[in-house]
Amino acid sequence: MKKSDIYEITIKILGIYLLVADISKLPSLLTFVQNHASTTTEQGSEQTNLLWINGLSFLLLMAFAIFLIACTKFITRIITVTADRQENVKLFADRKVIYEIALLIIGGLLIVNTLPDMLYRLYKLSSVGDQDMIISSVSKLCIGILTVAFGKRIAAYYAK
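Model, not experiment: these values are computed from the prediction.

*Asks:* Outline the overall build of the protein chain, listing residues and values.
*Replies:* For the protein chain, the helix and strand inventory stands at 7 helices and 0 strands. Mapped in sequence order, the helices and strands of the protein chain form the string α-α-α-α-α-α-α. Relative to the 2.2 N^0.38 estimate, which gives 15 Å for 160 residues, the radius of gyration of the protein chain is 20 Å and therefore markedly larger than a compact globule would have. Over its C-alpha atoms, taken along the principal directions, the protein chain stretches across nearly 60 × 35 × 20 Å. Taken over 160 residues, the protein chain has a buried fraction of 34%.

Here it is in structure tokens:
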């Protein structure tokens with residue numbers, strides 16, 4: 001494995017992390033859009049500004065994550081020198097195993113960050129807003145579980 005391969009793996013892992021983190025924010029954004037439709041006119045302009053900010057940040061992060069994943073080789077060529085592309089480095093694992101580890105960590109962090117909040121909201125369930133947040137939390141939890149459960153398949157895809 002070359003030193004530039006480590007850069008490739010790192011860039012792709014960053015892209016995967018941003019993609020999973022951004023997709024996990026989608027349920028919250030959809031809940032916000034649904035709640036925005038029922039706001040009063042006094043709060044309408046502030047809510048509209050928040051909607052634009054949240055929507056544009058979602059799209060920007062999604063575009064950046066896709067760029068990092070799709071253009072990994074191009075980015076690696078830009079940031080490495082010729083010596084990095086020739087120098088051999090000994091690692092404990094190959095690409096697929098590193099991707100599996102990263103996906104397990106990313107999915108696990110998403111689960112660990114979401115589960116306590118979801119359980120607390122289930123315990124204190126009192127309003128429609130809490131129900132929307134529970135749905136959002138369950139969606140995030142499912143994304144984390146899918147990332148962990150299908151980590152080997154996703155890693156095999158990215159290791160190609």
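And the narrative resumes.
*Asks:* With reference to specific residues and values, describe the confidence of the model for the protein chain.
*Replies:* Summing up the model confidence of the protein chain, the mean pLDDT is 84 and the portion of residues at 70 or higher is 93%. No element of the protein chain has a lower mean pLDDT than helix H4 (residues 82-86), at 82, and none a higher one than helix H3 (residues 72-79), at 90.

*Asks:* Talk me through the nonpolar core; I want residue IDs and the actual numbers.
*Replies:* Ile16, Leu19, Val20, Leu68, Ile69, Tyr99 and Tyr158 are the most contacted members of the largest nonpolar core, which totals 22 residues. Elements with a minimum of two residues in this core: helix H1 (3-36), helix H2 (41-70), helix H5 (95-123) and helix H7 (151-158). The dominant element in this core, judged by the number of residues it contributes, is H1, at 7 residues. Leaving out residues up to four positions away in the same chain, isoleucine 16 has contacts with Ile69, Tyr99, Leu103, Ile106 and Tyr158.

*Asks:* Talk me through the packing of aromatic side chains; I want residue IDs and the actual numbers.
*Replies:* Evaluation of the coordinates by the stated rule reveals 2 aromatic pairs. Centroid distance tyrosine 99 to tyrosine 158: 6.3 Å. Interplanar angle 55 degrees. Geometry classified as tilted. With tyrosine 99 in helix H5 and tyrosine 158 in helix H7, the pair connects residues that are 59 residues apart, well separated along the chain. In this pair, the class of tyrosine 99 matches that of tyrosine 158, namely buried. Relative to tyrosine 158, the ring of tyrosine 157 has its centre 5.4 Å away and its plane inclined at 70 degrees; by these criteria the two rings are edge-to-face. Under the relative-accessibility criterion, tyrosine 157 is labelled exposed at 57%.

*Asks:* Tell me what's going on with the pattern of salt bridges, and back it up with residues and numbers.
*Replies:* Pairing of side chains with opposite charge becomes possible as their charged atoms draw close. With the rule as written, the count across this model stands at 5 salt bridges. Residues aspartate 117 and arginine 121 are paired through a salt bridge, measuring 3.2 Å at the closest nitrogen-oxygen approach. Residue aspartate 117 and its partner arginine 121 are located together in helix H5, separated by 4 residues, close to a single helical turn. Residue aspartate 117 is classed as partly exposed on the basis of its relative accessible area, which comes to 32%. Here arginine 121 falls in the partly exposed class, since its relative accessible area comes to 22%. If you follow the salt bridges from partner to partner, you end up with Asp5, Glu8, Lys73 and Arg95 in one network.

*Asks:* Got a sec to walk through H3? Specific residues and values, please.
*Replies:* Count 3.6 residues to each turn of an α-helix, and residues three or four apart come out pointing the same way. The set of residues buried in H3 consists of Thr72, Ile75 and Thr76. Looking straight down H3, one finds its buried side chains confined to an arc of 100 degrees; they lie on one side. In H3, the exposed positions that point more than 90 degrees away from the buried face belong to Lys73, Arg77 and Ile78.

*Asks:* Any chance you could break down the packing of H5 against H7 for me, citing the residues and the numbers?
*Replies:* Here H5 crosses H7 at 135 degrees, and the two axes come no closer than 8 Å. The orientation of H5 with respect to H7, classified from their angle, is oblique. For the pair H5 and H7, the crossing hand works out as right-handed. Between H5, through Lys96, Tyr99, Glu100 and Leu103, and H7, the contact on the second element is made entirely by Gly151, Lys152, Ile154, Ala155, Ala156 and Tyr158. Here the residues of the contact of H5 with H7 are counted per class, giving 6 nonpolar, 1 polar and 3 charged.

Rules and cut-offs
- Residues numbered from 1 in each chain as written.
- Predicted model: local features only at pLDDT ≥ 70, side-chain atom pairs only at ≥ 80, totals over all residues.
- Heavy atoms only, no water.
- Helix = DSSP H or I, 4+ residues; strand = E, 2+ residues; numbered from the N terminus.
- Rg over C-alpha atoms; globule rule 2.2 N^0.38 Å.
- Buried < 20%, exposed > 50% of the residue type's maximum accessible area, 1.4 Å probe, protein only.
- pLDDT = per-residue confidence, 0-100.
- Core = buried A, V, L, I, M, F, W, Y, C linked by side-chain atoms within 4.5 Å.
- Contact = heavy atoms within 4.5 Å.
- Phe/Tyr/Trp six-rings, centres within 6.5 Å; stacked < 30°, edge-to-face > 60°.
- Salt bridge = Lys/Arg side-chain N within 4 Å of Asp/Glu carboxyl O.
- Arc of directions from axis to C-beta.
- Axes fitted to C-alpha atoms, helices over the stretch in contact; angles between N-to-C directions.
- Parallel < 35°, antiparallel > 145°, perpendicular 65-115°, else oblique.
- Left-handed = near helix turned anticlockwise from the far one by under 90°.
- Nonpolar A, V, L, I, M, F, W, Y, C, P; charged D, E, K, R; others polar.

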